[in-house]
Amino acid sequence: MIDPKFEKITAPSLTAAQATKLRNGIARWGYDWSHSSFSWLKEHLKTELRRLQRDRCCYCRRPLRFDKGPVEIEHVINKAASGAYVRFTFVLRNLALACKDCNNGKGQKVVLRAPLPPRSAYPTSAAPFLWVHPHFHDYSAHILIHDAWVYEANGGSREGTAVIDKCKLTLLSGIERANRRMLVESCDGFAAALPRAVEMAGDVGLDALCVELSPLLSKMMGSCGSPSKAEAAIRAAHAALQAIAGAAKGP
Ligand SMILES: [Zn+2]
């Protein structure tokens, strides 16, 4: 089972000066998310949420990358929904970091069980949502991530099923498998490929990793290689890494 890294986002915040700056910005420019006068807020949130989300996408929980494009600020309640909820555009609890794949997959999905009354405040609990809200739901109560990125709605959770379907999380096991192969294949020889493969064990599970990558690594070992030798090398390198991590933690 893959650790989701965090269950829900807790206490994103602005300083008093930032809150004032945001209020003034909204008073002057309205809820125009794309207006350049809110760039400072987006930069602040990307740093703050990345920390609170332990560098993981709020929906698929894969690592967020540092490239310019792939990390996006997701509006849980869609700010564009016919303008009905534009007032939630800058509500911190409506914002989370998602990878591009999840953000695109979710699109403008309606996540509320029923429309909120006009002018109502942002919800303060999970109850109104038919969706795993990154600030309100405990992720693993609704979505389990099995080794090698296989997703399951926990107990058939409707909220978890909605996220898995809409963000197309069932495609990720194949995508991640292809990524792992590419990362290993792109290494310059077996000595470089082995540590690269072993560092993936945390996300795949050691046994699954051995099954998946031993044949590929054995080819990189040259004429003396075999899948069983490659597997032994993976397990030995993994054990060494665990020993180092254990020693670093101390008694
Ligand atoms: Zn994602």
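Everything numeric in this text was worked out from a predicted model, so none of it was measured. (Residues numbered from 1 in each chain as written. Predicted model: local features only at pLDDT ≥ 70, side-chain atom pairs only at ≥ 80, totals over all residues. Heavy atoms only, no water.)

## Regarding the overall build of the protein chain
Helix and strand counts for the protein chain come out as ten helices and four strands. When its helices and strands are written in sequence order, the protein chain yields α-α-β-β-α-α-β-β-α-α-α-α-α-α. The buried share among the 251 residues of the protein chain stands at 44%. Sequence-distant contacts in the protein chain: of pairs separated by 6 or more residues, those separated by 24 or more amount to 64%. About 12,900 Å² of surface is accessible on the protein chain, with carbon and sulfur atoms providing 56% of the total. Separation of charge centres in the protein chain, based on 34 positive and 23 negative side chains, amounts to 7 Å. (Helix = DSSP H or I, 4+ residues; strand = E, 2+ residues; numbered from the N terminus. Buried < 20%, exposed > 50% of the residue type's maximum accessible area, 1.4 Å probe, protein only. Contact = heavy atoms within 4.5 Å. Areas by Shrake-Rupley, 256 points an atom, 1.4 Å probe, with all protein chains shown as cover. Lys, Arg positive; Asp, Glu negative; His and termini not counted. Charge placed at Lys NZ, Arg CZ, Asp CG, Glu CD.)

## Thoughts on the domain arrangement of the protein chain
Along its sequence, the protein chain is carved into domain 1 (16–172) and domain 2 (187–243). Distance between the C-alpha centres of domain 1 and domain 2: 37 Å. (Domains from an automatic or database assignment.)

## Description of the side chain of Arg 61
Within the secondary structure, Arg 61 sits in the loop between α2 (39–52) and β1 (71–75). Notably, Arg 61 is buried but unbridged: the nearest opposite-charge side chain belongs to Glu 7, and the N-O separation is 5.5 Å. Engagement of the side chain of Arg 61 in a polar contact is seen with the backbone oxygen of Cys 58, the distance being 2.4 Å. (Salt bridge = Lys/Arg side-chain N within 4 Å of Asp/Glu carboxyl O. Polar contact = N/O pair within 3.5 Å; in protein donor to acceptor, adjacent residues only side chain to side chain.)

## Some thoughts on the pattern of salt bridges
Tallied over the entire structure, the rule returns 13 salt bridges. With its nearest N and O atoms 3.0 Å apart, the salt bridge here joins Asp 55 to Arg 50. Residue classification places Asp 55 among the partly exposed residues on the basis of a relative accessible area of 32%. Look at Arg 50 and you get buried, because its relative accessible area is 14%. When the shortest N-O distance is used, the salt bridge between Arg 235 and Asp 207 registers 2.9 Å. Taken together, the positions of Arg 235 in helix α10 (residues 227–249) and Asp 207 in helix α9 (residues 206–220) put the pair 28 residues apart, joining distant regions of the chain. Among the ionic contacts, a cluster of salt bridges with common partners joins Arg 62, Asp 101 and Glu 176.

## Regarding the coordination of the zinc ion
Angles at a metal have ideal values that depend on geometry: 109.5 degrees with four tetrahedral donors, 90 or 180 degrees with six octahedral donors. The protein atoms that coordinate the zinc ion are Cys 57 (SG), Cys 60 (SG), Cys 99 (SG) and Cys 102 (SG), at distances of 2.3 to 2.4 Å. Within one chain, the residues serving as donors to the zinc ion are arranged as C-x2-C-x38-C-x2-C. In this pair, Cys 57 is assigned in the loop between α2 and β1 and Cys 102 in helix α3 (residues 100–106), connecting sequence segments 45 residues apart. In this structure Cys 57 comes out as buried when scored by relative accessible area, which is 0%. (Donors = N, O, S within 2.8 Å, 3.2 Å for Na, K, Ca; no water.)

## Overview of the packing of aromatic side chains
Remark: the centre distance and the inter-plane angle together describe each pair of aromatic rings, the angle taken between the planes. Considering all chains together, one arrives at nine aromatic pairs under this definition. For the ring pair Phe 129 and Phe 136, a centre distance of 6.0 Å and an interplane angle of 40° mean the geometry is tilted. Neither Phe 129 nor Phe 136 differs from the other in exposure class; each is buried. Members of the aromatic cluster, each reached through a chain of ring pairs, are Tyr 85, Phe 88, Tyr 122, Phe 129 and Phe 136. Note that Arg 61 overlies the ring of Phe 6, its terminal NZ or CZ placed 3.7 Å from the centroid. Between Arg 61 and the ring centre of Tyr 139, over which it is positioned, the NZ or CZ distance is 3.9 Å. (Phe/Tyr/Trp six-rings, centres within 6.5 Å; stacked < 30°, edge-to-face > 60°. Lys NZ or Arg CZ within 6 Å of the ring centre and 35° of its normal.)

## Considerations on unusual backbone geometry
Residues other than glycine predominantly adopt negative phi, and peptide bonds predominantly adopt the trans conformation. Although it is not a glycine, Ala 11 sits at a positive phi angle of roughly 50°. Structurally, Ala 11 can be placed in the segment before α1 (16–29). In this structure, Arg 61 takes a positive phi of about 65° despite not being glycine. Judged by relative accessible area, which is 0%, Arg 61 ranks as buried.

## Some thoughts on the pairing of strand β4 (residues 150–153)
Judged by which residues are buried, β4 turns out to be one-sided: Tyr 151 and Ala 153 face inward and are buried, whereas Val 150 and Glu 152, on the alternate face, are not. Here strand β3 (residues 143–146) pairs with β4 via four bridges, running antiparallel. Residue pairing across strands places Ile 143 opposite Ala 153, the latter belonging to β4. Counting the residues in the hairpin turn of β3 and β4 gives three residues, including Ala 148, whose phi is positive at 65°. (Pairing = 2+ DSSP bridges.)

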